[in-house]
Amino acid sequence: MVKSHKVSSPENSQEHTQSSTTRSRIIGSYEGEKQGALLIVTTTLHGNEPAGSLAVNTVLRLLKEEKGKNAGFIFTGKIVGLIGNLAAQSKNKRYIDTDMNRLWRSERIKAIENETDERKLLAEEREVRELLNAIRGEIASYQPTVLYILDLHTTTAEGGIFTIVPDGNKASLAIGLTLFAPVITGFSELLKGTLTNYFNGDFEGIECTPLTFESGQHHAEKSVTNAVSAIINTLRTIRCVNAADVEDKHDTLLRAHAASLPRQARLLYRHPVEPVDRFVMRPGYQNFQRVTAKEILAEDRKGVIRAQKDSLIIMPLYQAQGNDGFFLIEEVV
């Protein structure tokens, strides 16, 4: 599959895409001749991260093209692309009321779904409810034996790509390693309420394997191409497409972007921030940049903020919205 590809804007194909005026969060889908796994690719849980939805459109186009030119091409299963935060996407903001990727706790989800007066819900709570309904609808329609969720994100900082997997999920780890980006564990304990953690394990009676892929800086063209390759490699790993139909360049591209990065790492520290803190990150930090113990990384109303130990920094905050100032990780040898 995908002997060549170019980054393009979302297409308006009636077969694969629906008009944004319908507020449909379904980017598109592709279903194979054989029943198999259902891969749901979630994008734009943060409204200022467009690369994921662009990548999904590109992959859907490539699948359609491959079917037309390769008589031996067989697709097993189904892939569906979904937009997470339509309201924030329409305003090119990370979120409207609160971070959508911090709401995915069982008790919070239950409260959201039990609320009968939608006016009492935050914007992102409404988005969560609609996204869950969309996911349930896809499961009910396709009836897969196994469910995979690939949650696509980008960061404000430049630097390397990486994958986040739930702690202890061997299947998620195995898929993450096939993406050739650093696989980072430890988020399950230090960062609560993410979509990946919520879908870890059994979801309403179906086995679910989730992972997050961070493809680069928000608006970099390479972030789209990285996400395209991550989706295609995931399809190969879960046997939706045959390995012989996937071009080597996807492995080559991902390996090149991760060449100097650790194979695996674990999260050491998350620096939480609130608007009242007046947090300001020192300029110039990139993902996987080495920092030393006591190095000044940022300032807030209480003074300077220093690194706790020699480590690597990821996701330094260089945007107005966000509750995470930075994260520190260490390589797993």
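No experiment lies behind these values; they were computed from the predicted model shown.

*Asks:* Is there a simple way to think about the overall build of the chain in this case?
*Replies:* Counting its secondary structure elements, the chain contains 9 helices and 15 strands. The C-alpha radius of gyration of the chain comes to 19 Å, within 12% of the 20 Å expected for a compact globule of 333 residues. With respect to the three principal axes, the spread of C-alpha positions in the chain is 65 × 50 × 35 Å. Counting the 333 residues in the chain, one finds 57% classified as buried. By element, 48% of the accessible surface of the chain is carried by carbon and sulfur atoms, the whole surface being about 14,500 Å².

*Asks:* In this structure, what is going on with the sheet that holds strand β10 (residues 280-281)? I would like to understand it.
*Replies:* Strands belonging to one sheet form pairs held by backbone hydrogen bonds; the direction of such a pair is parallel or antiparallel. The 3 strands are arranged β10-β12-β13 in an open sheet whose pairing can be described as antiparallel. Sheet topology places β10 and β13 (303-306) at the edges, where each strand pairs with a single neighbour. Of the strand pairs in this sheet, β10 and strand β12 (residues 296-300) are connected by 2 bridges, and their pairing is antiparallel. Bridge pairing in β12 links Met281 to Ala298.

*Asks:* Explanation requested: the pairing of strand β9 (residues 264-272) in the structure shown.
*Replies:* Looking along a regular strand, one sees the side chains alternate between the two faces of the sheet. Where strand β6 (residues 183-185) meets β9, 3 bridges bridge the pair, whose relative direction is parallel. Looking at the pairing, Thr185 lines up with Arg266 of β9. Of the pairings in the sheet, the one linking β9 to strand β15 (residues 324-331) comprises 7 bridges and is antiparallel in character. Looking across to β15, one finds that Leu267 is bridged to Ile329.

*Asks:* Where do I start with unusual backbone geometry in this structure?
*Replies:* Across the chain, the bulk of peptide bonds are trans and the bulk of non-glycine residues have phi less than zero. Positive phi outside glycine occurs at Thr44, with the angle close to 55°. On the secondary structure map, Thr44 appears in the loop between β2 (34-43) and α1 (51-69). Taking relative accessible area as the criterion, Thr44 reaches 1% and is therefore assigned buried.

Analysis parameters
- Residues numbered from 1 in each chain as written.
- Predicted model: local features only at pLDDT ≥ 70, side-chain atom pairs only at ≥ 80, totals over all residues.
- Heavy atoms only, no water.
- Helix = DSSP H or I, 4+ residues; strand = E, 2+ residues; numbered from the N terminus.
- Rg over C-alpha atoms; globule rule 2.2 N^0.38 Å.
- Buried < 20%, exposed > 50% of the residue type's maximum accessible area, 1.4 Å probe, protein only.
- Areas by Shrake-Rupley, 256 points an atom, 1.4 Å probe, with all protein chains shown as cover.
- Pairing = 2+ DSSP bridges.

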